[in-house]
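These are the residues of each chain, in order.
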Protein chains: 2
Amino acid sequence: MAVGLTPPRRLAPVAGIRLASAPAGIRYQGRDDLVLMEIAPGAATAAVFTRNAFAAAPVSVGRTHLANSSPRYLLINSGNANAGTGEAGLRDALACCQAVARACGCAQAEVLPFSTGVIGAPLAVARITAALPGLARDLCEDGWLAVAQAIMTTDTVPKGISHSIDLEGGRVWITGVAKGAGMIRPDMATMLAFVASDIRMPQSLLEAALRDAVAGSFNAITVDGDTSTNDACVVMATGRSGVAIEREDEPGYTVFRLGLSEAMGHLAQSIVRDGEGATKFITVQLRGVPTEREARQVAYTVAHSPLVKTAFFASDPNWGRILAAVGRSEVAGLDATRVDIHLDDLPVVQGGAAAPGYTEAAGCRVMSSPEIRLVIDLKLGHCGAEIWTTDLSHDYVRINAEYRS
Amino acid sequence: MAVGLTPPRRLAPVAGIRLASAPAGIRYQGRDDLVLMEIAPGAATAAVFTRNAFAAAPVSVGRTHLANSSPRYLLINSGNANAGTGEAGLRDALACCQAVARACGCAQAEVLPFSTGVIGAPLAVARITAALPGLARDLCEDGWLAVAQAIMTTDTVPKGISHSIDLEGGRVWITGVAKGAGMIRPDMATMLAFVASDIRMPQSLLEAALRDAVAGSFNAITVDGDTSTNDACVVMATGRSGVAIEREDEPGYTVFRLGLSEAMGHLAQSIVRDGEGATKFITVQLRGVPTEREARQVAYTVAHSPLVKTAFFASDPNWGRILAAVGRSEVAGLDATRVDIHLDDLPVVQGGAAAPGYTEAAGCRVMSSPEIRLVIDLKLGHCGAEIWTTDLSHDYVRINAEYRS
């Protein structure tokens, strides 16, 4: 069902990162659902977490641990989000970290826990701890593909990317995996991403690169603040390539930052392409908006409109629904008689009404493609925004009505 | 498909209002799609219109006409919204008003036009004007039921209400009709309501009563500003009962205001109950919120969440999705460990986690009812809000993917 998305064929190892996955039977049968990731000593690790007020237990524990020590291990389970589980959930997350510490010989605070799956069910801690000694034994550098599979929930395709960047000091690798498919609004325990590089970088610089890369990737598929209880994106820099960047004003920093953004952009797009029930991959581009904030506001109003999304599903160039969504997005000074809309390069709306020469047949041709660019120009200013979204299909309803049954 | 909604059996005439409907062939075949409503001279008429920046042509014309004269005729068509039609749409709306003026012998500015249906298609002005002489001839006081049917688009059940109120000066009648069914978000050319009474009331007092009634009815099913291109609600007071209210501090004003609110609440609920693809009627009640604005914000975030709506469709008491929606609704100071959730009277969440003694079986029992009350208490303050919404079903997608085909 995923739109233009194939599984990664090979994910390059990153020196200084060892991984293992195993079937712990947390919720799924006959597949891996538990991942242990080891980070070499001396690596820098940065992370961003959900801004949802109901942050899941592992997010609370992870935030605290990250603030107080350098992580050595990530523990990731699918099938259960350990969210909405109150005090017991926090105890369970800590117990898992403690079990990793015992199995691997590190401090409890050096473990970051991640969970994704059903909200409100108690975590099967005993099954997780029972699987840990085996995971610790199996750690190796080649496990990225298996990890991409083990962290899937309603995903239909594993998501990963590997590429190398040539810097002045030599070649560095970036490899990342992600999971997530609930994408009309990412308000389920949805999105996890783990990206590693063998570059050496100070913690603060890695954090800046992460913030920058998230803005143009995962935050281009999610409304600010519209995050789930468990969303997290982690970037690790092990330094094992011997290539180092120390300061923001080195030319290599910009090259690495763009490489990281490219990798994270690919992972974010993969999540949208595998959106639940998606049959279309839609790029919404706003232009001519007074501020970037308003441009994103209009883009999300359009992208979240069930009527616009069902029109895309039906390959129906129903531009009236797009205009109506723009019209209620509360941009100051919006002038209906100036708005232009293009579908790909086809002029559809000009000055708030059907463009001269526009035909329904031409609109249908564009809409029948699985990849569509919707360009909306408000002619009010000089800012813009680009976000990625999907259509709303029968399968979205089916998947989300059946998710727990 | 409508949830607990039966067609009105009888709608009482309102002295001073005459109506007629006819099949003009605007879009539908074999049914009435055009309505003329005559308001007796000396009546007061108040209206609220959509706040969408892309207000349709009839809304622009109607606003201007209402500001400049006392309306004598309403012209309402279904099948075509005359929205997104630019200058030509304005000319078409004015041409229709002019045709009414000719057929009925009034000024053009004494006609208010209303259109509902597909956006972006030119209005069949010739068919409308051709039908007008017949409509003018057929005007009578008994046409309310036929009008309720003629204004339907994707509605499956006509919507209307009649009741009488006994005031000190005697009995007055309130009769109203409404149309609208696109209700996940009312961002289509969706909602029209026409309510009349034979009470006598000054214009300014009628406007106040309308504002008050709208707040607890049509604005309890629509986000502020989240209105469609064509939404309109009109209230007419003909004065023909001989019962008059002059000032806000008369006891009769409160009684009438409540009676008007009750009628409009019924019409608004009818629209939700006939929501596209609806299988459930859901009342979302927020309590313990610092401000009413925030209470409505949380209520709408929950009510618009596709994941919450699909869970209701599946009769799945997936309270984790409800918590996640509350968590991203950006209420300052939200404390996850204090939130309580009830489904009807069943405690489901207490202090942010499953309530003691709560069982999935008990939750499923409540969720399998066609009418469900969802009560969310944030324990943060003393304000609340109540809104009405529906689930998100396979049929919603089907209806909106096929609407123009």
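Provided above is the structure to which this section pertains.
Conventions used here
- Residues numbered from 1 in each chain as written.
- Chains lettered and ligands numbered in written order.
- Predicted model: local features only at pLDDT ≥ 70, side-chain atom pairs only at ≥ 80, totals over all residues.
- Heavy atoms only, no water.
- Helix = DSSP H or I, 4+ residues; strand = E, 2+ residues; numbered from the N terminus.
- Rg over C-alpha atoms; globule rule 2.2 N^0.38 Å.
- Buried < 20%, exposed > 50% of the residue type's maximum accessible area, 1.4 Å probe, protein only.
- Contact = heavy atoms within 4.5 Å.
- Least-squares fit on C-alpha atoms with pLDDT ≥ 70 in both.
- Salt bridge = Lys/Arg side-chain N within 4 Å of Asp/Glu carboxyl O.
- Phe/Tyr/Trp six-rings, centres within 6.5 Å; stacked < 30°, edge-to-face > 60°.
- Lys NZ or Arg CZ within 6 Å of the ring centre and 35° of its normal.
- Pairing = 2+ DSSP bridges.
- Axes fitted to C-alpha atoms, helices over the stretch in contact; angles between N-to-C directions.
- Polar contact = N/O pair within 3.5 Å; in protein donor to acceptor, adjacent residues only side chain to side chain.
- Buried area = accessible area lost by both parts, 1.4 Å probe.
- Parallel < 35°, antiparallel > 145°, perpendicular 65-115°, else oblique.
- Left-handed = near helix turned anticlockwise from the far one by under 90°.
- Nonpolar A, V, L, I, M, F, W, Y, C, P; charged D, E, K, R; others polar.

*Asks:* If you had to explain the overall build of chain A to someone new, which residues and values would you point to?
*Replies:* The helix and strand inventory of chain A stands at eleven helices and 15 strands. In summary, chain A has a C-alpha radius of gyration of 22 Å against a globular reference of 22 Å for 405 residues, a match within 12%. Projected onto its principal axes, the C-alpha coordinates of chain A cover approximately 70 × 55 × 35 Å. When each of the 405 residues of chain A is scored for burial, the buried share is 64%. Within chain A, residue pairs in contact and separated by at least 24 positions form 81% of the contacts whose partners lie at least 6 positions apart.

*Asks:* Before we move on, could you go through the relation of the copies chain A and chain B and cite the residues and values that matter?
*Replies:* Aligned on chain B, chain A shows an RMSD of 0.0 Å; the corresponding rotation is 180 degrees and the shift along the axis is 0.0 Å. The symmetry that links the two subunits is that of a two-fold axis. The rotation axis passes nearest to the C-alpha of H394 of chain A in chain A, at a distance of 2.9 Å. In this assembly the copies share their binding face: 100% of the residues contributing to the interface of chain A also contribute to that of chain B.

*Asks:* Tell me about the pattern of salt bridges, and please be specific about residues and values.
*Replies:* Where charged atoms of side chains with opposite charge meet at close range, the side chains can pair. Residue and element names in this part refer to chain A. Evaluation of the coordinates by the stated rule reveals 20 salt bridges over all chains. Among the ionic pairs, E38 bridges to R18, the shortest N-O distance being 2.7 Å. With a gap of 20 residues between them, E38 in strand β2 (residues 34–39) and R18 in strand β1 (residues 17–22) connect regions that are remote in the sequence. A single salt-bridge network, built from bridges that share partners, covers D155, K159 and D274.

*Asks:* Give me the lowdown on the packing of aromatic side chains, citing residues and values where you can.
*Replies:* In this structure the tally under the stated criterion is three aromatic pairs over all chains. Judged by centre distance (6.5 Å) and plane angle (15 degrees), the ring pair of F49 of chain A and F114 of chain A falls under stacked. Of this pair, F49 of chain A sits in strand β3 (residues 44–49) while F114 of chain A sits in strand β5 (residues 111–118); the two residues are 65 residues apart in sequence, bridging distant segments of the chain. Ring centres of F114 of chain B and F194 of chain B lie 5.0 Å apart, and the angle between their planes is 85 degrees; on these two criteria the pair is classed as edge-to-face. Of this pair, F114 of chain B sits in strand β5 (residues 111–118) while F194 of chain B is found in strand β8 (residues 192–197), placing the two residues 80 residues apart along the sequence. A residue is classified by how much of its surface remains accessible, and F114 of chain B, at 3% relative accessible area, is buried. Pairwise contacts between aromatic rings join F49, F114 and F194 of chain A into one cluster. Over the ring of Y28 of chain A we find R31 of chain A, and its NZ or CZ is 4.2 Å from the ring centre. Lying across the ring of F281 of chain B, R273 of chain B places its NZ or CZ 4.0 Å from the centre.

*Asks:* Give a detailed account of the sheet that holds strand β8 (residues 192–197) of chain A, specifying residues and quantitative values.
*Replies:* Residues and elements named next belong to chain A. In space, the five strands of this open sheet follow the order β3-β9-β8-β7-β6, with mixed pairing throughout. At either end of the open sheet lies a strand with only one pairing partner, and these are β3 and β6 (159–167). Direction aside, the axes of adjacent strands within the sheet are offset by 10 degrees on average. Examined bridge by bridge, β6 and strand β7 (residues 170–179) share nine bridges and lie antiparallel to one another. Bridged to S162 within β7 is T175. The sheet contacts of helix α5 (residues 203–215) involve β3 and β9 (232–237), and relative to β3 the element is tilted by about 35 degrees.

*Asks:* Can you tell me about the side chain of N230 of chain A, naming the residues and giving the values?
*Replies:* Residues and elements named next belong to chain A. Mapping N230 onto the fold places it in the loop between α5 and β9. The exposure class of N230 is buried, given its relative accessible area of 3%. At a separation of 2.7 Å, a polar atom in the side chain of N230 contacts the main-chain carbonyl oxygen of A81.

*Asks:* Tell me about the interface of chain A and chain B, and please be specific about residues and values.
*Replies:* With 52 residues of chain A at the contact, the number on the chain B side is 52 residues. Roughly 4,400 Å² of surface becomes buried between chain A and chain B when both sides are summed, with 60% attributable to carbon and sulfur atoms. Linking chain A to chain B there are zero salt bridges. Taken together, the connections running from chain A to chain B amount to four residue pairs in polar contact (both at pLDDT 80 or more). Counting residues per element, the side of chain A that touches chain B draws most heavily on helix α9 (residues 319–327) of chain A, which supplies seven residues.

*Asks:* Give a description of unusual backbone geometry that names residues and reports values.
*Replies:* With glycine set apart, most residues show a phi of negative sign, and most peptide bonds adopt trans. In the Ramachandran plot, K379 of chain A falls in the positive-phi region, its phi being about 55 degrees despite a non-glycine side chain. Of note, K379 of chain A is situated in the loop between β14 (371–377) and β15 (383–390). A positive phi angle, close to 55 degrees, is found at S315 of chain B, a residue other than glycine. Relative to the helices and strands, S315 of chain B is located in the loop between α8 (306–313) and α9 (319–327).

*Asks:* So what about the packing of helix α7 (residues 292–304) of chain A against α9 of chain A? Which residues, and what values?
*Replies:* Residue and element names in this part refer to chain A. Two numbers describe how α7 lies on α9: the axes approach to 9 Å, and their chain directions differ by 135 degrees. In terms of orientation, α7 and α9 fall into the oblique class. In the packing of α7 onto α9, the handedness of the crossing is right-handed. Within the contact between the two elements, α7 uses V298, T301 and V302 and α9 uses I322, A325 and V326. Taken together, the residues that form the contact of α7 with α9 break down as five nonpolar, one polar and no charged.

What is shown is where atoms sit, not what they do.
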